Amino acid sequence: MTILGVSALYHDSAAAVIRDGQIVAAAQEERFSRKKHDPRVPVNAIYYCLEAAGIGAGDRVDAVAFYDKPITKFTRLLTTFCETVPSGFKTFALAVPAWVREKGWVAMSIERALQRARIRAEKFYFPEHHASHAGSAFFPSPFDEAAILTADGVGEWTCSSISVGEGNQMRMLAEQRFPHSLGLLYSAFTYFTGFKVNSGEYKLMGLAPYGTPRYVDDIKKHLVRIREDGSIWLNMDYFGYLDGLTMTNQRFERLFGGPRRRPESDITQREMDLAASIQAVTEEVMLKMARYARAVTGKRQLCMAGGVALNCVANGKILAEGLFDDLWIQPASGDAGGALGAALYVWHQVLRQERRIVPGRDSMAGAALGPGYSREQIKAFLDDNGLPYTEMRGAQWEAFLARTLAEERVVGLLQGRMEFGPRALGCRSILADARSKKMQSYLNLSTKFRESFRPFAPIVLREDVANYFEAVRESPYMLLVAGVKKERRARPRGDEHTLSLTEWVNRPRSDLPAITHVDYSARIQTVDRESNPRVHNLLTEFKRLTGCSVLVNTSFNVRSEPIVCTPEDAYCCFMRTGIDVLALEDFILQKKDQPEWFETENWQEEFGLD
Ligand SMILES: [Fe+2]
């Protein structure tokens, strides 16, 4: 039985296909359309997933699972309008055309896309949004039973939930309903500090270590009441998202000393302190929710999903608290993962099909669920375009790349199937030497084209993680933040607050300067031989050569561009940036050997780099 899962029409649309409960493929539309956070019906991702499952013209899918209930969402819109009229009229009037045009007809749009490929859909299901998130967290997890925590902006009405999962069934025990949303509270601060809602949350989290949480009392006094069970009540007098066109209003501005930061303008101490404050509040709520989940479910394992579960600092705190024996977080925790969760929900929860659990292993295949490219495909691409390369295998490949990295040169790596979720995990990654003092600013300025206050993330051999980082045993999906070991840290000089953000972030803080944040934390990815043998071998060779089993791992893209998907995407990114060596599976390309690159005039504009 084949089930197609789809998430679409808000942000990060995606498709996933499961067959007899096994995950066959999953991918975000943005990787194919090359439009970041593409929200449209994911036609390209659907076609890719079905092709990966061997479904073509004349075939059928047994079920299509859409990741939310559009009609219930529309009811929320209507109810909110009725409760806020007349002030909410503008919001309502702006939202309605999208509903009339497409949101109300999403099943028909998906069906039409399938019909164009002459594929028949037998039946449509619409699990609730948070059931899809919960399904994406629990069903692929390595746990037979677990507490399940979901948190995001809002689904239909639910903004966060606690469920219990046992075998092939989940049961919701508590929920937080709109408009009292932890995700929207965090997004309000994302907006107010001048970042983009639904994508800038990461930046806000990265900014937090520079600030002091001096606004926590104000936030808790005026904006949010936090109860012991982790439920919250928001004072809507300060927010604009119910009846206005912005996340925050003038009262919010008065509370925090003036209007929001204009996007791209200088970040001041106020934004850093706001970031630190909302991060502290978020962690308090998440910890209380986790404690309550532990108490009401009685389970010793926790699964998490929803956009807020991408807050890896809060996740690290939950782990460090020791409330649960183990924690598993869906790597595609945002709405993209809802496509997979919806499909799994239909298979297990609705159709009551068994889960087959391999102890200690999840069923996400290291999130490598997207397109991969054969030797023949890559060779044809290179030969057809006359691009010089050397083909290397096994130990020769590892030795060459390890040496390249140790010489402080930057490697772009495309191998295996593309990752599902926002992080590059070694299949579409840029790798560099984490020990290098120049690497952080070099990568930011010449490769990612960003002036960033965020350091890069490390990838480390799983067996060596305890040599470098505290408290983390395993983090295969880069969803946990933990401290760099104390003995590796440099002493602070005490003048940090007089520096600019860039100067501060570029000052070495440990013997792994490229990956150590200003509070000595790092967003860790552990890699093991089973889930990613090629990267594991490369790290092992790098360790043999240098004694260090950590590398920088950053996503293979430039700012504002989706992560690369095809060898062609990778080649373009390689030629446009300071990447020195490109590895397309076994094919090694050196920048110095490549023909002259003629750039399309407006590529920087296309990616918002002007
Ligand atoms: Fe969501």
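Above this text is the structure in question.
About the cut-offs
Residues numbered from 1 in each chain as written. Predicted model: local features only at pLDDT ≥ 70, side-chain atom pairs only at ≥ 80, totals over all residues. Heavy atoms only, no water. Core = buried A, V, L, I, M, F, W, Y, C linked by side-chain atoms within 4.5 Å. Buried < 20%, exposed > 50% of the residue type's maximum accessible area, 1.4 Å probe, protein only. Helix = DSSP H or I, 4+ residues; strand = E, 2+ residues; numbered from the N terminus. Contact = heavy atoms within 4.5 Å. Expected span 1.5 Å × (residues − 1). Arc of directions from axis to C-beta. Phe/Tyr/Trp six-rings, centres within 6.5 Å; stacked < 30°, edge-to-face > 60°. 1 Å grid on protein atoms, 1.4 Å probe; cavity = no way out; pocket = protein on both sides within 12 Å on 5 of 7 lines; lining within 4 Å. Points joined across faces, edges and corners; volume = space filled by probe spheres on them. Nonpolar A, V, L, I, M, F, W, Y, C, P; charged D, E, K, R; others polar. Axes fitted to C-alpha atoms, helices over the stretch in contact; angles between N-to-C directions. Parallel < 35°, antiparallel > 145°, perpendicular 65-115°, else oblique. Left-handed = near helix turned anticlockwise from the far one by under 90°. Donors = N, O, S within 2.8 Å, 3.2 Å for Na, K, Ca; no water. Tetrahedral: all angles 85-135°; square planar, octahedral: opposite > 155°, others 65-115°. Pairing = 2+ DSSP bridges.

A short note on the nonpolar core
Residues Leu 114, Phe 189, Phe 239, Phe 256 and Leu 584 are the most contacted members of the largest nonpolar core, which totals 201 residues. The dominant element in this core, judged by the number of residues it contributes, is helix 11 (residues 269-297), at 11 residues. Not counting chain neighbours up to four residues away, the residues in contact with Phe 239 comprise Leu 185, Ala 188, Leu 223, Leu 234, Met 247, Thr 248, Asn 249 and Phe 252.

Let's talk about helix 3 (residues 70-84)
Given a rise of 1.5 Å per residue, 15 residues ought to cover 21 Å, and the 21 Å separating the end C-alpha atoms of helix 3 matches this to within 8%. Regarding helix 3, the residues found buried are Pro 70, Lys 73, Arg 76, Leu 77, Thr 80, Phe 81 and Thr 84. Down the axis of helix 3, the buried set is contained in an arc of 135 degrees. They therefore lie on one face. Of the exposed residues in helix 3, those oriented more than 90 degrees away from the buried face are Ile 71, Cys 82 and Glu 83.

What to know about the environment of Leu 94
Examined against the element boundaries, Leu 94 turns out to sit in helix 4 (residues 89-101). Along the primary structure Leu 94 and Leu 245 are separated by 151 residues, whereas in three dimensions their C-alpha atoms are 9.1 Å apart.

Focus on the packing of aromatic side chains
Each pair of aromatic rings is reported with the distance of its centres and the angle of its planes. Considering all chains together, one arrives at 23 aromatic pairs under this definition. Here the aromatic rings of Phe 189 and Phe 252 are separated by 5.2 Å at their centres, their planes lie at 65 degrees, and the arrangement is edge-to-face. Of the two residues, Phe 189 sits in helix 7 (residues 182-192) while Phe 252 sits in helix 10 (residues 250-255), which places them 63 residues apart along the sequence. Both residues of the pair, Phe 189 and Phe 252, belong to the buried class.

Concerning the layout of surface pockets
Taken as a whole, the second largest pocket holds about 750 Å³ of empty space. Along the wall of the second largest pocket there are 35 residues; nearest its centre are Trp 328, Asp 362, Glu 474, Pro 476 and Tyr 477. Those elements that place two or more of their residues in the lining of the second largest pocket are strand 14 (326-329) and strand 20 (521-527). Split by residue class, the lining of the second largest pocket holds 17 nonpolar, nine polar and nine charged.

Things to note about the packing of helix 11 against helix 12 (residues 312-321)
It is the contact of helix 11 with helix 12, at a shortest axis distance of 9 Å, that shows an interaxial angle of 45 degrees. Accordingly, the angle class assigned to the pair helix 11 and helix 12 is oblique. Crossing hand, helix 11 versus helix 12: right-handed. Judged by residue contacts, Gln 279, Glu 283, Met 286, Leu 287, Ala 290 and Arg 291 of helix 11 engage Val 313, Ala 314, Asn 315, Lys 317, Ile 318 and Glu 321 from helix 12. Considered class by class, the residues forming the contact of helix 11 with helix 12 number six nonpolar, two polar and four charged.

Things to note about the coordination of the iron ion
Any two of four tetrahedral donors ideally make an angle of 109.5 degrees at the metal, while pairs among six octahedral donors ideally make 90 or 180 degrees. Looking at the iron ion, one finds its protein donor set to be His 129 (NE2), His 133 (NE2), Asp 152 (OD) and Asp 335 (OD), positioned 2.1 to 2.3 Å from the metal centre. Around the iron ion sit four donor atoms, and with donor-metal-donor angles ranging over 89 to 169 degrees the site reads as irregular. Site description for the iron ion: donor spacing in sequence, H-x3-H-x18-D-x182-D. Highlighted residues: His 133 in helix 6 (residues 129-138) and Asp 335 in the loop between strand 14 and helix 13 (336-350), separated in sequence by 202 residues. In this pair, the class of His 133 matches that of Asp 335, namely buried.

Quick word on the pairing of strand 23 (residues 587-590)
Residue alternation in strand 23 divides its side chains into two sets, Phe 587 and Leu 589 and Ile 588 and Gln 590, and both sets are buried. The sheet contact formed by strand 15 (residues 390-391) and strand 23 spans two bridges and is antiparallel. Following the sheet pairing, Thr 390 is matched in strand 23 by Ile 588. In this sheet, strand 23 lies alongside strand 22 (residues 581-584) in antiparallel orientation, the contact comprising four bridges. Paired with Leu 584 across the bridge in strand 23 is Phe 587. Adjacent in sequence and paired antiparallel, strand 22 and strand 23 are bridged by two residues, among which Glu 585 carries a positive phi angle near 50 degrees.

What about the side chain of Ser 277?
Within the secondary structure, Ser 277 sits in helix 11. Setting aside residues up to four positions removed in sequence, Ser 277 forms contacts with Thr 212, Pro 213, Arg 214, Tyr 215, Val 216 and Ile 219.

Let's talk about the packing of helix 7 against helix 11
What describes two packed helices is the angle between their axes and the distance between those same axes. Across the interface, helix 7 lies against helix 11 with an axial gap of 10 Å and an inter-helix angle of 175 degrees. What the angle tells us is that helix 7 and helix 11 run roughly antiparallel. On the side of helix 7, the interface is formed by Leu 182, Leu 185, Tyr 186, Phe 189 and Phe 192, while helix 11 contributes Arg 270, Leu 274, Ile 278, Gln 279, Val 281, Thr 282, Val 285 and Met 286. Of the residues contributing to the contact of helix 7 with helix 11, the split by class is 10 nonpolar, two polar and one charged.

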